[in-house]
Amino acid sequence: MTTPSTGTTKTVLITGTSSGIGLAAAVAAAGAGWLAVATMRDTGRADALLKAAEEAGVRDLVQVKQLDVTDADSVAACVAEVVAEHGHLDAVVNNAGAGFVGTIEQHGMEKLREVMEVNFFGVAELTRAVLPHLRASGGRVITVTSVGGVVGQPFNESYCAAKFAVEGFMEALAPVAASAGVQVAVVEPGAVSSEFVNNIELDVPALLTAAGPYAPALRGYIDHAMRSFGSDTAQTPQEAAAPVVEALTAETMPFRIQTSDWARDFVGRKLTDLDGSAVQTETTAWLG
Ligand SMILES: NC(=O)c1ccc[n+]([C@@H]2O[C@H](COP(=O)([O-])OP(=O)(O)OC[C@H]3O[C@@H](n4cnc5c(N)ncnc54)[C@H](OP(=O)(O)O)[C@@H]3O)[C@@H](O)[C@H]2O)c1
C-alpha cells in the first residue's frame, strides 16, 4: 500500500493497541500492507501485540509508540514524531476507550468527567492534532465508537454520553473535513470479547450493595450484559477490527459502519425510532 504523493508505505496511527480491537486492527492493517504505528499509554504492555504481529509475519510493519489520549503533550509529541520519521500520516484510528458502569446519582460528576476525558476529549484532541497532516495526505479519520454511541443503555449514562458526543462530533466534522479531502467514519461494535469488561474492573457485589433503590434494576442489567457478552452475537476483536481495516483500505468509506449484523439491527432500530418508544421498551426490558 503506497501513497500516491511519495510512493512510500502508507502510515496509520492507531490508539489503544495493547489489547482488543486496537491490537487486532494494528496487526490487520499491517497485514494489508500499511505501516501501523501502534500506540499505547504504557509501551511496557506491547508484548501481546508484538507476539501477534510476529505470528502474522508483519512485525516489520508494526511500530510501537507511547500515546495517552488524556495527555495533550503525549498526543502532540507522538504525532510530531510520526510525521518527522515517516514524512506523512495517511490515517488515524481513534480506538482507545474504556467502559464504565453506574448511574449518575451515585457515582457523581467526577467519574462522568473521567469517562468523557478518555472516550471523548481524547478523541477530539488527537483528531485536532492529526488533521493538518491528513489534509496533506488526503487521509482519513476512523473512530471506534459503539452501538452505545447510538442507543443509550441503562447504567451507561457516562459511557454512552461520551460515545454519543464522539458520534455527534464526527458527524459534524465529516463534511468539513471532506471539503479539505479528508474522509471521516465511525465504527460501531456491539459486544466484543476483548479486555473491555475486565478493564472496567467491576466489583458486582460492592456495586449492588451501593446501588440502594437501583439494586434490582442493576442486577437485571448486569445479567443482561453477561448474557450479551456470552452469546454467539459477541464478536472476537479480530472480527470487530476487520471493518476498521476495510474502511482504511476501501476507495471510499461510508460515515457509519456497524461491525456485525446484530449491531446493524440494533442501531437500525434506533435510527427509525422517532419518538424513542421502541428503544425505551427494549432497554427497560433488560432490567428484568
Ligand atoms: N468490547 C466491547 O464490547 C466494545 C463494544 C463497543 C465499543 N467498544 C470500543 O472499542 C474500543 C476498543 O475497546 P476494546 O473492546 O478493544 O477494549 P480493551 O481491550 O479494553 O482495549 C481498550 C484499549 O484502550 C486503551 N486505553 C484506555 N485508556 C487509554 C488512554 N487514556 N490512552 C490510550 N489508550 C487507552 C487500553 O489501554 P491499557 O491497556 O493501557 O488500559 C486498551 O489498549 C473502545 O473505544 C471501546 O469503547 C468496545
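To be clear, the structure that these remarks concern was listed above.
Residue numbers here run from 1 along each chain, matching the order of that chain's written sequence. A pLDDT threshold of at least 70 governs which residues receive local features in this predicted model, and a stricter bar of 80 or more applies before side-chain atom pairs are shown or counted, although totals over entire chains, interfaces and linings include all residues.

Draft legend 1. Expanded view of the nonpolar core. Counting 70 residues, the largest nonpolar core has V12, A25, A26, A29 and A36 as the members making the most contacts within it. Contact criterion: two residues are in contact if their C-beta atoms, reconstructed from the backbone, are within 7 Å. Residues within four places of V12 in sequence aside, it is in contact with A29, W34, A36, V37, D90, A91, V92, V93 and L248. Within the second largest apolar cluster, five residues are counted, among which are V150, V151, A263 and F266. Only buried residues count toward a nonpolar core: Ala, Val, Leu, Ile, Met, Phe, Trp, Tyr and Cys, linked into one set through C-beta atoms within 7 Å. The exposure scheme places C-beta atoms from the backbone and then counts, for each residue, the other C-beta atoms within 10 Å of its own, assigning buried at 20 or more, exposed at 12 or fewer, and partly exposed in between.

Draft legend 2. How the structure looks around the site of the ligand. Contacts to the ligand come from 30 residues, most closely from G16, G20, A96, G97 and F196. Among the elements of the structure, helix 1 (20-31), helix 4 (104-137) and helix 6 (196-200) are those that each provide at least two residues to the shell around the ligand. It is helix 1 that provides the largest number of residues to the shell around the ligand, a total of three residues. The classification used treats Ala, Val, Leu, Ile, Met, Phe, Trp, Tyr, Cys and Pro as nonpolar, Asp, Glu, Lys and Arg as charged, and all other residues, Gly among them, as polar. Of the residues belonging to the shell around the ligand, the class tally is 12 nonpolar, 13 polar and five charged. In this analysis a residue is considered near a molecule or strand if the C-beta atom, reconstructed from its backbone, is found within 6 Å of that molecule or strand. Elements are defined by DSSP. Helices are runs of H or I of four residues or more, strands are runs of E of two residues or more, and each kind is numbered from the N terminus.

Draft legend 3. Region of interest: the packing of helix 3 (residues 72-86) against helix 4. Where helices are involved, their axes are fitted lines through C-alpha atoms of the stretch in contact, as for all axes, and angles between N-to-C directions lie from 0 to 180°. In contact at an axis separation of 9 Å, helix 3 and helix 4 are set at 25 degrees when each is read in the N-to-C sense. What the angle tells us is that helix 3 and helix 4 run roughly parallel. Judged by the sense of rotation from one axis to the other, the crossing of helix 3 with helix 4 is right-handed. Every residue of helix 4 that contacts helix 3 at A72, V75, A76, V79 and V83 is listed here: E125, L126, A129, V130 and H133. Partitioned by chemical class, the residues of the contact of helix 3 with helix 4 number eight nonpolar, one polar and one charged. Roughly parallel here means an angle under 35 degrees, roughly antiparallel means over 145, roughly perpendicular means 65 to 115, and every remaining angle is called oblique. Two helices that cross are described as forming a left-handed crossing if the nearer one is turned anticlockwise from the farther one by less than a right angle, and a right-handed crossing if clockwise.

Draft legend 4. Representation of helix 5 (residues 157-178). Under the 1.5 Å per step criterion, the end-to-end length of helix 5 is 31 Å for 22 residues, consistent within 8% with the ideal 32 Å. The set of residues buried in helix 5 consists of S158, Y159, C160, A162, K163, V166, E167, M170 and A177. On its buried side, helix 5 packs onto helix 4, strand 5 (140-144) and strand 6 (183-188). Here a helix's expected span is defined as the number of its residues, less one, multiplied by 1.5 Å.

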